Amino acid sequence: MPDIQLLFRAPPLVAHPYLPLFTPAFEDGFACRAVLLRTESLGRISLASENSLAPPRIAQSFLATEKNRRTLRDSVRMVQRLAREPAFASFISAQLDPASPVTSDADLDAHIRASTGTVRHPLGTCRMGAVDDEEAVVGPDLRVRGTRGLRVVDASAMPNMIGGNNNAAVIMIAEHVSDLISGRGPLQAAVI
């Protein structure tokens with residue numbers, strides 16, 4: 001089962017909007033990021049105060065387990081090996097981030113800590129669970145427990161990580177809740 005996803009992007013990670021006369025163009029380049037698909041690290045989100053307008057406290061707890069750190073170290077090494085393949089030779093004149101290949105676990109850990117981000121796919125802050133799951137925020141119908149007329153219909157209701165981008169899963173959740181609200185039953189299985 002894959003544990004990483006490689007994200008290639010045409011501009012380098014340092015790219016910015018190019019506005020002639022106001023900002024210089026960035027140098028041609030591309031970026032490849034290794035994304036951890038099955039993290040074991042669990043963050044926490046909590047209220048900072050009784051003021052509903054106060055930003056919440058978010059502790060992402062990135063890289064809390066050795067398995068996650070090892071997987072990302074191996075992934076960075078794999079991206080560096082991939083960049084040395086002959087097929088990339090005419091496209092790469094220099095490695096920018098990190099400025100030179102890093103190989104030791106300590107150097108890789110430092111680079112990963114300095115460059116890690118969410119890739120904008122966090123989930124599970126209001127996870128869905130079975131009726132008898134006291135830790136779940138929403139039930140199987142995605143209604144928030146202890147409230148009336150309130151559902152969570154986004155990635156925060158997902159109880160576990162999925163192995164890839166969560167956009168399709170969120171669309172599926174939204175379609176399912178739409179059917180629940182409108183009283184439509186599940187679609188019949190397609191016959192192929």
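Conventions adopted
- Residues numbered from 1 in each chain as written.
- Predicted model: local features only at pLDDT ≥ 70, side-chain atom pairs only at ≥ 80, totals over all residues.
- Heavy atoms only, no water.
- Helix = DSSP H or I, 4+ residues; strand = E, 2+ residues; numbered from the N terminus.
- Rg over C-alpha atoms; globule rule 2.2 N^0.38 Å.
- Buried < 20%, exposed > 50% of the residue type's maximum accessible area, 1.4 Å probe, protein only.
- Areas by Shrake-Rupley, 256 points an atom, 1.4 Å probe, with all protein chains shown as cover.
- Contact = heavy atoms within 4.5 Å.
- Salt bridge = Lys/Arg side-chain N within 4 Å of Asp/Glu carboxyl O.
- Phe/Tyr/Trp six-rings, centres within 6.5 Å; stacked < 30°, edge-to-face > 60°.

Participant: Now, about the overall build of the protein chain: what can you tell me, with residues and values included?
Facilitator: Looking only at helices and strands, the protein chain has 3 helices and 4 strands in total. Written out in order from the N terminus, the α and β elements of the protein chain read β-β-β-β-α-α-α. The C-alpha radius of gyration computed for the protein chain amounts to 21 Å, which surpasses the reference 16 Å derived for 192 residues by more than 25%, pointing to a less compact arrangement than a globule. Principal axes of the C-alpha set define a box for the protein chain whose edges measure 60 × 50 × 45 Å. Per-residue burial over the protein chain gives 20% buried out of 192 residues. As displayed, the protein chain has an accessible area near 14,000 Å², and 58% of this comes from carbon and sulfur atoms.

Participant: Just give me the short version of the environment of Asn68, but keep the residues and values in it.
Facilitator: The topology assignment puts Asn68 in helix α1 (residues 66–83). In this structure the C-alpha to C-alpha distance between Asn68 and Leu96, which are 28 residues apart in sequence, comes to 24 Å. Those residues within four positions of Asn68 in sequence are excluded, and the remaining contacts are Leu36, Arg38, Thr39, Glu40, Ser41 and Leu63.

Participant: Kindly report on the pattern of salt bridges, identifying the contributing residues and their values.
Facilitator: Side chains that carry opposite charge are capable of pairing whenever their charged atoms lie near each other. For the structure on display, the rule yields 10 salt bridges. Lys67 is the salt-bridge partner of Glu40, the closest N and O atoms lying 3.9 Å from each other. Note that Glu40 is positioned in the loop between β2 (31–36) and β3 (44–46) and Lys67 in helix α1, a separation of 27 residues in sequence. Residue Glu40 is classed as partly exposed on the basis of its relative accessible area of 38%. A single salt-bridge network, built from bridges that share partners, covers Glu66, Arg69, Arg73, Asp74, Arg77, Asp105 and Asp109.

Participant: Please give an account of unusual backbone geometry that cites residues and values.
Facilitator: A positive phi is found at Leu63, a non-glycine position, where the angle reads about 55 degrees. Within the secondary structure, Leu63 is located in the loop between β4 (57–59) and α1. Not every positive phi belongs to a glycine, and Leu142 is a case in point at roughly 65 degrees. For Leu142, the position within the fold is in the loop between α2 (105–115) and α3 (167–182).

Participant: Describe the environment of Asp28, listing the residues and the values that go with them.
Facilitator: Along the polypeptide, Asp28 turns up in the loop between β1 (4–9) and β2. Along the chain, Asp28 and Ala110 lie 82 residues apart, while their C-alpha atoms are 27 Å from each other.

Participant: Which residues make up the environment of Leu123, and what values do they have?
Facilitator: Within the secondary structure, Leu123 sits in the loop between α2 and α3. Taking the C-alpha atoms as reference points, Leu123 and Glu40, 83 residues apart in sequence, are found 13 Å from one another. What Leu123 contacts, discounting residues up to four positions off in sequence, is Ala155, Ser156, Met158, Asn160, Met161 and Asn166.

Participant: Which residues make up the packing of aromatic side chains, and what values go with them?
Facilitator: Tallied over the entire structure, the rule returns 3 aromatic pairs. Geometrically, the ring pair formed by Phe8 and Phe30 is stacked, given 6.5 Å between the ring centres and 25 degrees between the ring planes. Taken together, the residues span a long stretch of sequence, with Phe8 in strand β1 and Phe30 in the loop between β1 and β2 at a distance of 22 residues. Overall, the relative accessible area of 33% leaves Phe30 in the partly exposed class. Taken together, the aromatic side chains of Phe8, Phe30 and Phe88 make up a single cluster linked through ring pairs.

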